[in-house]
Amino acid sequence: EAMASELRDLGYEVEENIGLGNLHLDLSVHHPEHQGERVGIDLMNYLSIPDPMTREVYLPRFWARMGWTILRVTPGMWRDEKQEVLELIEQTITRG
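Residues numbered from 1 in each chain as written. Predicted model: local features only at pLDDT ≥ 70, side-chain atom pairs only at ≥ 80, totals over all residues. Heavy atoms only, no water.

S.K.: Summarise the overall build of the protein; cite the residues concerned and give the values.
M.R.: Scanning the protein from terminus to terminus reveals five helices and four strands. Secondary structure elements of the protein, listed N to C terminal, follow the sequence α-β-β-β-α-α-β-α-α. Taking 12 Å as the expected radius of gyration for a compact globule of 96 residues, we find that the protein reaches 13 Å, a close match to that expectation. Overall size of the protein, expressed as C-alpha extent along the three principal axes, is 35 × 30 × 20 Å. Put simply, the protein has 96 residues, and 39% of those count as buried. In the protein, the share of contacts with a sequence separation of at least 24, taken over all contacts with a separation of at least 6, comes to 48%. With the model as given, the accessible surface of the protein reaches about 5800 Å², and the carbon-plus-sulfur share is 51%. Across the protein, 9 positive and 17 negative side-chain charges occur, with their mean positions spaced 8 Å apart. (Helix = DSSP H or I, 4+ residues; strand = E, 2+ residues; numbered from the N terminus. Rg over C-alpha atoms; globule rule 2.2 N^0.38 Å. Buried < 20%, exposed > 50% of the residue type's maximum accessible area, 1.4 Å probe, protein only. Contact = heavy atoms within 4.5 Å. Areas by Shrake-Rupley, 256 points an atom, 1.4 Å probe, with all protein chains shown as cover. Lys, Arg positive; Asp, Glu negative; His and termini not counted. Charge placed at Lys NZ, Arg CZ, Asp CG, Glu CD.)

Pasting the structure below:
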């Protein structure tokens, strides 16, 4: 995956496919200097959940209760706004 590779090149530690079934995140990202902040990036999983209540309410609440900050990044966002997405990830990790 292009995003995982680029994040690793920038010094982030990245794990792919965290969780099970609908309760999974495409990427888990953290920086060695900011170990406390757990950021999950939902790429394709978000797009595959047809029920809006599950997609917009239940899953975000589940991950928040588990201590995660979730960022949703669509393939189009990554393609068209890569620098802004990388800045958002950095801001999210460093504010924790």
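Still to come is the rest of the account.
S.K.: Residues and numbers for the environment of E15, please.
M.R.: As for its position among the elements, E15 is in strand β1 (residues 13–20). Overall, E15 belongs to the partly exposed group, its relative accessible area being 44%. Once the C-alpha coordinates of E15 and D26 are considered, the two residues, eleven residues apart in sequence, prove to be 8.4 Å apart. Residues in contact with E15, not counting those within four places in the same chain, are D26, L27 and S28.

S.K.: So what about the confidence of the model for the protein? Which residues, and what values?
M.R.: Put simply, the protein has an average pLDDT of 88, and 97% of its residues get 70 or more. Looking at the elements of the protein, mean pLDDT is at its lowest for helix α2 (residues 44–47), recorded as 78, and at its highest for helix α1 (residues 2–9), recorded as 93. (pLDDT = per-residue confidence, 0-100.)

S.K.: I'd like to hear about the nonpolar core, residue by residue, with values.
M.R.: In terms of nonpolar packing, the biggest core is built from 17 residues, with M3, L7, L27, V29, I41 and I89 touching the most fellow members. The element best represented in this core is helix α5 (residues 82–95), accounting for four residues. When near neighbours in sequence (up to four residues on either side) are disregarded, M3 contacts L27, I41, L43, V73, W78 and V85. (Core = buried A, V, L, I, M, F, W, Y, C linked by side-chain atoms within 4.5 Å.)

S.K.: Which residues make up the pattern of salt bridges, and what values go with them?
M.R.: Taken as a whole, this structure holds five salt bridges when the rule is applied. Residues R8 and E16 are paired through a salt bridge, measuring 3.4 Å at the closest nitrogen-oxygen approach. Close ionic contact of D80 with R79 constitutes a salt bridge, the shortest N to O distance being 2.9 Å. What you see here is one network of salt bridges that share partners, running through R55, E56 and R72. (Salt bridge = Lys/Arg side-chain N within 4 Å of Asp/Glu carboxyl O.)

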